[in-house]
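Descriptive analysis of the structure
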Amino acid sequence: MQKTYKIAVLPGDGTGTEVVNEGLKALKAASARFGFKLDLHHYDLGGERYMATGETVPDSVLEELRKVDAIYLGAIGHPDVKPGILEKGILLRLRFELDQYINLRPVKLYPGVDTPLKNKGPADIDYVVVRENTGGIYTGAGGISMKGTPQEVAIQDMVYNRFQVDRCLRYAFEYTKRRNKRNTLALCGKTNVLTYVYDLWERAFHEMGARDFEEIRRDYYHVDATCMWMVKNPEWFDVIVTGNMFGDIITDLGAITQGGMGIAAGGNINPDGVSMFEPIGGSAPKYTGKNVINPLASICAGAMMLDTLGEGSAAQAIENAVMWATANKIKDLGAGRMGFTTSEVGDMVAQQVAG
Ligand code: IPM
Ligand code: MN
C-alpha cells in the first residue's frame, strides 16, 4: 500500500504563499515519482487572519496540527502588525507547543551560486548548524519594571536546564554520526563570559561525547570566533551545535555565505513528534505578489521535510534538481535577478524532479 503523509500547509504572510506554491509543485512531482501520497491541509494563519479576527494560533488549530505528520511553513511577519505579535504568537508558539527543540540549518553552497567569501567554493562550504530551538533567551523569562521612568529595569534571562541541553547535544552527536562526513561536532558558546549557561553546555558536551560518542571529534569555539571562522575557514566545520540566540545569529551569517535567503532552509524538529519546515528568510513584503521572489529556499525546506519523513530518495531528487537549476539555469539568487519568475523556477525544478 502507498504511504500517505498528512501535511499541514501554512503559507503565512507576504511572499510565503508564492514560495510555498512552488515548493508544493516539487513535492507533488516527488510524490508521483517515488510512490507516496501527500494529504495536504491548508491553514490561513498569519497577519491577515490576525487583523480580521485577532487570532494567531487558535487552540483548535493547534490541536489539529498536533496530529499531522509534518508542517510546511512559508513565512510569518506582516508590515501592518507590530513586530513580535505574529513571530511570537505563531512561529515561536508552534515551535514551543510542538516541542520542536531542534532547529536544523544546513549551510551548503550549491554549484553555480555566488558566495561573498573569497576563494571558497562548494567543497569548502558544507556544514550544518544544530540550533537549540525552545530554550535560552527565547523562553520569555524576565520582565520590565518601572517602565517609562529613568530607573526602568529590563531583564531577559538565558534559561537552560540540563535536560534541554542534553537532548539537543544528543541529537547533534547522532546527526554528526549519521552524516558521517568529518565526524566533527563543534560547540559554539561563550564560556569566557556566560560562565553559568555555557559552562553547563560545555560540561554536558564533553561528558556525553566522551561517554557515548568516542568516534566523534569535539571542538569548541566562542560565538564571536565562530563568526570569524565561518567567514575565513568554513571548511573547518562539519556540524555546529549551539544555543538558541547564538544559533539564530550565526545561521543568518551562514545563510549569506551560501548565497542568501533565497536558498537557505531550515527544519524545526521534534524527533518524536511533529516537525515544521521553512525557508529561514522572512515574508519580504516589498516583493509580495510580484512573482520575483526566489522559491528555492522553500523548495529545499520541502526536501528536508521529505528526508525527515523517511523519503530520503525523494528528498535527494529535489535537492539534485535544485543543484541542477543553480548550476545551469539561475543567474542570481536575489529576488528579481534570477532571470526567471518565481513560478518559472518552481516549474523547472518540478519538471526536473519528475525525471
Ligand atoms: C528565525 C527567525 C525567528 C527567530 C524570529 C522571526 C522569531 O529569526 O527563524 O531565525 O528568531 O528564531
Ligand atoms: Mn533568525
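This section reports on the structure supplied with the text. This is a predicted model, so every value here is computed, not measured.

**With respect to the site of ligand 1**
As a matter of local geometry, ligand 1 sits amid E87, L91, R95, R105, R131, Y138 and D248. Side-chain polar atom of R95 to an oxygen atom of ligand 1: 2.7 Å apart, as the coordinates give it. Here an oxygen atom of ligand 1 sits 2.6 Å away from a polar atom, N or O, in the side chain of Y138. Here ligand 1 has 320 Å² of accessible area as a free molecule, and 76% of this is covered by the chains. With three residues, the single largest contributor to the shell around ligand 1 is helix 4 (residues 85–97). Split by domain, the shell around ligand 1 shows at least three residues from each of two domains, domain 1 (1–111 + 265–355) and domain 2 (115–258).

**Details of the side chain of H78**
Relative to the helices and strands, H78 resides in the loop between strand 3 (70–75) and helix 4. The class for H78 is buried, based on a relative accessible area of 13%. One polar contact links H78 to E48, side chain to side chain, over a distance of 2.8 Å. A distance of 3.0 Å separates a polar atom in the side chain of H78 from the backbone nitrogen of D80. Contact partners of H78, with chain neighbours within four places excluded, come to D13, G47, E48, M51 and L86.

**A closer look at the packing of aromatic side chains**
Within this structure, the stated rule accounts for 10 aromatic pairs. Ring centres of F173 and F205 lie 5.6 Å apart, and the angle between their planes is 20°; on these two criteria the pair is classed as stacked. Taken together, the positions of F173 in helix 5 (residues 162–179) and F205 in helix 6 (residues 197–212) put the pair 32 residues apart, joining distant regions of the chain. In this pair, the class of F173 matches that of F205, namely buried. Between the aromatic rings of Y198 and F246, the centroid separation amounts to 5.1 Å while the plane-to-plane angle is 10°, which identifies the pairing as stacked. Here F246 lies in helix 8 (residues 244–257) and Y198 lies in helix 6, a separation of 48 residues in the sequence. Across this residue pair, the class does not change: Y198 and F246 are buried. Members of the aromatic cluster, connected to one another through ring pairs, are Y160, Y198, W201 and F246. Directly above the ring of Y138 sits R131, whose terminal nitrogen or CZ lies 5.2 Å from the centroid. The ring centre of Y101 lies 3.9 Å from the NZ or CZ of R167, which sits over that ring.

**With respect to the environment of L92**
Summarising the element assignment, L92 is placed in helix 4. L92 gets classed as buried once you look at its relative accessible area, which sits at 16%. C-alpha of L92 to C-alpha of T139: the two residues are 47 residues apart in sequence and 9.4 Å apart in space. Discounting chain neighbours no more than four positions away, the residues touching L92 are E87 and Y138.

Basis of the calculations
- Residues numbered from 1 in each chain as written.
- Chains lettered and ligands numbered in written order.
- Predicted model: local features only at pLDDT ≥ 70, side-chain atom pairs only at ≥ 80, totals over all residues.
- Heavy atoms only, no water.
- Near = heavy atom within 4 Å.
- Polar contact = N/O pair within 3.5 Å; in protein donor to acceptor, adjacent residues only side chain to side chain.
- Areas by Shrake-Rupley, 256 points an atom, 1.4 Å probe, with all protein chains shown as cover.
- Helix = DSSP H or I, 4+ residues; strand = E, 2+ residues; numbered from the N terminus.
- Domains from an automatic or database assignment.
- Buried < 20%, exposed > 50% of the residue type's maximum accessible area, 1.4 Å probe, protein only.
- Contact = heavy atoms within 4.5 Å.
- Phe/Tyr/Trp six-rings, centres within 6.5 Å; stacked < 30°, edge-to-face > 60°.
- Lys NZ or Arg CZ within 6 Å of the ring centre and 35° of its normal.

Purely geometric numbers; function is a separate question.
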